[in-house]
Amino acid sequence: MERLSDLIRGCAEMRITGAEPERVINACCEAGIDFWGVEAEDEFSLVMSVRQSRTGEVKTLAEKCLCEAETLRLRGGRRVASRAGSRPVLWILPLVLAGILAASTFFVWRIDVTGNVTVSDTEILNALADSGVYIGAFWPGFSNELTASAVTAAIPELKWVGISTFGSRVTVRVREKTRIPEIFDESLPARIVAVRGGLIEQMGALRGNPLFENGQTAAQGDVLIDALVPGKFEGARIVRAAGYVTARTWYELTAVMPLSRTVKEYTGETYTAMALRLGDRRINFYRSSRILHTMCDNIVQEKKLGVMGQFELPAALITEAGRGYTLKTVTVDRDEAKKTLEALLESTLKTKLGAGGRVLSSEFIFGEAEGRAVVTLLAECRQNIAREELLTEKEIAALSAELEETDDREDNGG
Amino acid sequence: MKKLPAYKIAAALHIPAVTLPGSPRLTLTAGELLCENHAGLQKYSGDCVEIRTRDGYVRVSGSSLELTAMNREELTVRGFVAAVEIC
């Protein structure tokens, strides 16, 4: 910093020669002349640095002290200014760069979206773009409040949007609407069907007409509890069936896994490549995009340029590092393969059984075929096989027609 | 009549010399010597710096001695200080 100050203000290196050069130092001190870098050359001369503008005063003081002062070297100040004057690029280029930097802070180079859970960033960014807020937009040209209102209107899932502009960075905070829970409509006709075939152990029809009894076997898709309920006094009616059906079910699941697999073997070859991204353009500082001709792992790091938290420039420094590798085939241990497949099958069975399902007994059968490990799971389980199925409009119409026909017949007969 | 040094008067009156206005004060820290209330330089070289004071002078001996800062009240000498003599 001191050197820069010396360069801007200009300094002169002077040699003081005389019987007592120390007297010049004392005189400079008395006169308030700044000096530094005092070095004694010998008993009768010393060298020191002063401001260029004070060299004349130092020479006068030296004469008064019966010494001689001579200027050895001039640095900075007018010399630098005169050199810069003859080479305009030295001052025009920094000025232009400073101007570009200052102008770039008036444009949006980064948009951060926070607070969204179900609404995607892309959806919000698209709504912002429609309102005139996008990467490269002139931020003094748009109103945060108006943009927030437009985004709220464009995305019905949002209840509040707040937009803040910090230099070239725009932060969008959103709050989503609370979803209204689905209302259970009892008037909707529905029946209970079997999600899987099995031997019914326990059946409880809370509403509707049960078509099976305990001990009977139901196939997948069979209607267990019907929506059409016959009435002894008021005639038949259509209801929303509800109930539970616990049945014993049997599963046979198979999983296959090759007994050989390929793994990476690093060759030791590495490369590092640099690139600069300006807006949408990318400038590579290397010739080929693939320096390694073999397969390689690529690690790409992108560092955005700008002042952290204040503003960002539309530029980023990209560093790519790569590690070359070749693929090698290795044999998988049979026990390992068996354990992996068994765990996979158990997980799959658990998913199929659901929350209340239970495995009564299970057995794994391991075998090999065509270089692959095959594991079969045979399981006997107990689970709820009831699943609600809403009736279609056509089915409702057919049932209604059937009901009317029955009523008419009973009336005529009566 | 011969003028008595201020520090001798202070000693006779049992007054601490530090309290006397304009009395020279030396502070020696690692590789740096600060002299307050000096009266200029007597001699300056890389191995010896003599500083004038109101009551005499201070000779600083050593090597690579350099005058790093100086104004009317104080000056700083930096370098390897081997001895400080008050003459």
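Right above here is the structure, for reference.
Residues numbered from 1 in each chain as written. Chains lettered and ligands numbered in written order. Predicted model: local features only at pLDDT ≥ 70, side-chain atom pairs only at ≥ 80, totals over all residues. Heavy atoms only, no water.

### Some details on the overall build of chain B
Piece 1. Within chain B, the secondary structure is distributed over one helix and six strands.
Piece 2. Scanning chain B from its N terminus toward the C terminus, one meets helices and strands in the order α-β-β-β-β-β-β.
Piece 3. The proportion of buried residues among the 87 residues of chain B is 30%.
Piece 4. As displayed, chain B offers around 5300 Å² of accessible surface, 57% of which is attributable to carbon and sulfur atoms. (Helix = DSSP H or I, 4+ residues; strand = E, 2+ residues; numbered from the N terminus. Buried < 20%, exposed > 50% of the residue type's maximum accessible area, 1.4 Å probe, protein only. Areas by Shrake-Rupley, 256 points an atom, 1.4 Å probe, with all protein chains shown as cover.)

### Structural notes on unusual backbone geometry
Piece 1. One non-glycine residue, A:L66, lies in positive phi territory at about 60°.
Piece 2. Mapped onto the fold, A:L66 is located in the loop between α3 (55-64) and β4 (67-75).
Piece 3. Within the chain, B:S64 stands out as a residue other than glycine whose phi angle is a positive 55°.
Piece 4. Mapping B:S64 onto the fold places it in strand β5 (residues 56-70).

### With respect to the nonpolar core
One broad rule of soluble globular proteins: the nonpolar side chains tend to lie buried together.
Piece 1. Ranked by internal contacts, the top residues of the largest apolar core, which has 33 residues, are A:F35, A:M48, B:L41 and B:L67.
Piece 2. Once you skip the residues sitting within four places of it in the chain, A:M48 turns out to touch A:A12, A:E13, A:M14, A:I16, A:V24, A:C28, A:F35, A:W36, A:G37, A:V38 and A:V58.
Piece 3. One finds A:A127, A:L128, A:V170 and A:V174 within the second-largest nonpolar core, a separate group that totals 19 residues. (Core = buried A, V, L, I, M, F, W, Y, C linked by side-chain atoms within 4.5 Å. Contact = heavy atoms within 4.5 Å.)

### A few points about the pattern of salt bridges
Residue and element names in this part refer to chain A.
Piece 1. Under the criterion given, the structure shown has 23 salt bridges over all chains.
Piece 2. Salt-bridge contacts for E201 lead to R382; the nearest nitrogen and oxygen are separated by 2.6 Å. You can see E201 sitting in strand β9 (residues 198-207) and its partner R382 sitting in strand β21 (residues 372-384), a full 181 residues away along the chain.
Piece 3. When the shortest N-O distance is used, the salt bridge between E320 and R282 registers 2.7 Å. Of this pair, E320 sits in strand β19 (residues 311-331) while R282 sits in strand β17 (residues 281-284), placing them 38 residues apart in sequence.
Piece 4. Of the residues examined, E320 reaches a relative accessible area of 10% and is grouped as buried.
Piece 5. Under the relative-accessibility criterion, R282 is labelled partly exposed at 39%.
Piece 6. One continuous salt-bridge network, built from bridges that share partners, spans R191, R387, E389 and E395. (Salt bridge = Lys/Arg side-chain N within 4 Å of Asp/Glu carboxyl O.)

### Quick look at the interface of chain B and chain A
Interfaces are frequently sized by the accessible area removed from exposure as the parts join.
Piece 1. Taken together, the 13 residues of chain B in the interface contact eleven residues of chain A.
Piece 2. A per-residue breakdown of the area chain B buries against chain A is headed by B:Y44, B:M70 and B:R72, which together make up 50% of the total.
Piece 3. Applying the counting rule to chain B against chain A returns zero salt bridges.
Piece 4. The interface formed by chain B and chain A includes four residue pairs in polar contact (both at pLDDT 80 or more). (Buried area = accessible area lost by both parts, 1.4 Å probe. Polar contact = N/O pair within 3.5 Å; in protein donor to acceptor, adjacent residues only side chain to side chain.)

### Section: the sheet that holds strand β7 (residues 169-176) of chain A
Residues and elements named next belong to chain A.
Piece 1. Read from one edge of the open sheet, three strands run β5-β7-β6, paired in mixed fashion. Both outer strands of the open sheet, β5 (110-114) and β6 (158-166), are each paired with one neighbouring strand and no more. Strand-to-strand, the axes of this sheet are offset by a mean angle of 15°, without reference to chain direction.
Piece 2. When β6 meets β7, the two strands line up antiparallel, connected through eight bridges. Residue pairing across strands places L158 opposite E176, the latter belonging to β7.
Piece 3. Against the sheet, helix α6 (residues 121-130) makes contact with β5, β6 and β7, and its axis sits at roughly 130° relative to β5, the strand it touches most. (Pairing = 2+ DSSP bridges. Axes fitted to C-alpha atoms, helices over the stretch in contact; angles between N-to-C directions.)

### Points about the side chain of A:E320
Piece 1. Looking at A:E320, its side chain comes within polar contact range of the side chain of A:R282, at 2.7 Å.
Piece 2. A:E320 has contacts with A:Y271, A:T272, A:A273, A:R282, A:Y286, A:I299 and A:V300, leaving out every residue within four places of it along the chain.

### Topic: the pairing of strand β1 (residues 11-18) of chain A
Residue and element names in this part refer to chain A.
Piece 1. Of the pairings in the sheet, the one linking β1 to β4 comprises eight bridges and is antiparallel in character. For I16, the partnering residue across the bridge sits in β4 and is A69.
Piece 2. Alignment of β1 against strand β3 (residues 45-51), held across seven bridges, turns out to be antiparallel. Residue R15 lies in a different strand from β3, and its bridge partner there is V47.

### Points about the sheet that holds strand β22 (residues 386-390) of chain A
Residues and elements named next belong to chain A.
Piece 1. The strand order across the open sheet built from four strands is β10-β12-β8-β22, with neighbouring strands paired in antiparallel fashion. Taken across any chain shown, the strands that pair with only one partner, and hence form the sheet edges, are β10 (209-210) and β22.
Piece 2. Two elements, β10 and strand β12 (residues 223-226), share two bridges in a ladder whose sense is antiparallel. Looking at the pairing, P210 lines up with I225 of β12.

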